[in-house]
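# Geometric and topological summary
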Amino acid sequence: FQTDSFFENIVPGIYEVTVRDKNGCGDTLEKTAVIGYPKFFTPNGDGINDVWNIDCLEDQPEARIVIYDRYGKILGSIRPSGTGWDGRYNRSLMPSNDYWFTLEYTSREGLPKIFKSHFTLKR
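This report concerns the structure included in the present document. (Residues numbered from 1 in each chain as written. Predicted model: local features only at pLDDT ≥ 70, side-chain atom pairs only at ≥ 80, totals over all residues. Heavy atoms only, no water.)

## Digging into the layout of surface pockets
- Approximately 410 Å³ is the volume attributed to the second largest pocket.
- The set of elements that each furnish at least two residues to the lining of the second largest pocket consists of β1 (13–20), β2 (27–34) and β8 (97–106).
- Among the elements that line the lining of the second largest pocket, the one with the most residues is β2, at 4 residues.
- For the lining of the second largest pocket, the residue count by class is 9 nonpolar, 5 polar and 5 charged. (1 Å grid on protein atoms, 1.4 Å probe; cavity = no way out; pocket = protein on both sides within 12 Å on 5 of 7 lines; lining within 4 Å. Points joined across faces, edges and corners; volume = space filled by probe spheres on them. Helix = DSSP H or I, 4+ residues; strand = E, 2+ residues; numbered from the N terminus. Nonpolar A, V, L, I, M, F, W, Y, C, P; charged D, E, K, R; others polar.)

## Quick word on the pattern of salt bridges
- Under the criterion given, the structure shown has 3 salt bridges.
- The closest approach of N and O atoms between R64 and E104, which form a salt bridge, is 3.6 Å. Taken together, the positions of R64 in strand β4 (residues 64–68) and E104 in strand β8 put the pair 40 residues apart, joining distant regions of the chain.
- A salt bridge links R88 to D86, with the nearest nitrogen and oxygen atoms 3.4 Å apart. (Salt bridge = Lys/Arg side-chain N within 4 Å of Asp/Glu carboxyl O.)

## Thoughts on the nonpolar core
- Ranked by size, the top nonpolar core spans 19 residues in total, and within it W52, I54, I67, W85, F101 and L103 carry the most contacts.
- Looking at this core, the elements that each hand over two or more residues are β4, β5 (74–78), β8 and β9 (112–121).
- Considering every element that reaches this core, the biggest residue donor is β8, with 4 residues. (Core = buried A, V, L, I, M, F, W, Y, C linked by side-chain atoms within 4.5 Å. Buried < 20%, exposed > 50% of the residue type's maximum accessible area, 1.4 Å probe, protein only.)

## Points about a nonpolar patch on the surface
- Taken together, the side chains of F7, I10, V11 and Y15 make up a nonpolar region of the molecular surface, amounting to roughly 360 Å² of accessible area.
- Residue classification places F7 among the partly exposed residues on the basis of a relative accessible area of 45%. (Patch = residues over 30% accessible without salt bridge, like charges linked within 9 Å, V, L, I, M, F, W, Y side chains within 5 Å. Areas by Shrake-Rupley, 256 points an atom, 1.4 Å probe, with all protein chains shown as cover.)

## Overview of the side chain of D69
- Checked against the element boundaries, D69 lands in the loop between β4 and β5.
- Here D69 sits buried without a salt bridge, and the closest side chain of opposite charge, K73, lies 5.7 Å off (N-O distance).
- Within polar-contact distance, the side chain of D69 engages the backbone nitrogen of Y71 at 2.9 Å.
- Dropping the residues within four chain positions of it, D69 is found in contact with L75, Y99 and W100. (Lys, Arg positive; Asp, Glu negative; His and termini not counted. Polar contact = N/O pair within 3.5 Å; in protein donor to acceptor, adjacent residues only side chain to side chain. Contact = heavy atoms within 4.5 Å.)

## Concerning the sheet that holds β5
- Across the sheet, which stays open at both edges, the 5 strands sit in the order β3-β9-β8-β4-β5 with mixed pairing between neighbours. Both outer strands of the open sheet, β3 (40–41) and β5, are each paired with one neighbouring strand and no more.
- For β4 and β8, the ladder comprises 5 bridges, and the chain directions are antiparallel. Directly across from Y68, in β8, lies its bridge partner W100. (Pairing = 2+ DSSP bridges.)

## So, the pairing of β4
- Most of β4 is tucked away: 4 of the 5 residues are buried.
- Examined bridge by bridge, β4 and β5 share 4 bridges and lie antiparallel to one another. In the strand pairing of β5, I67 is matched with G76.
- As consecutive antiparallel partners, β4 and β5 are separated by 5 residues, and within that stretch G72 has a phi angle of approximately 90°, a positive value.

## Things to note about the side chain of Q60
- Position of Q60 among the secondary structure elements: in the loop between β3 and β4.
- When sequence neighbours within four positions are dropped, the list of residues in contact with Q60 reads Y105 and T106.

The analysis is restricted to geometry; functional conclusions fall outside its scope.
What follows is the structure, given as structure tokens:
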């Protein structure tokens, strides 16, 4: 039990969260997904963090990740089951910067879901 609505250091996965009213008016149980993804990658050819991908979706072969620049331009579309994004757009190296993504996947209940966030490309 905790009074804060903020959780830290949560391992990616599916969680059941119970919310209890402070006045004792009832409980609400919700299932929620914690999506784990790399916050940065370094495509410099050293074999470490050279591509960016979300690898915790092995059971979601149809999931799709769309990567955008800060202006909303689509730079690529990848699958978690694929090799990932190497930091290029039209074979040109993209600069060190923040990039945004949407992850389209299916919940365990069969419902379509969209997760949005960002990561950093470091050169």
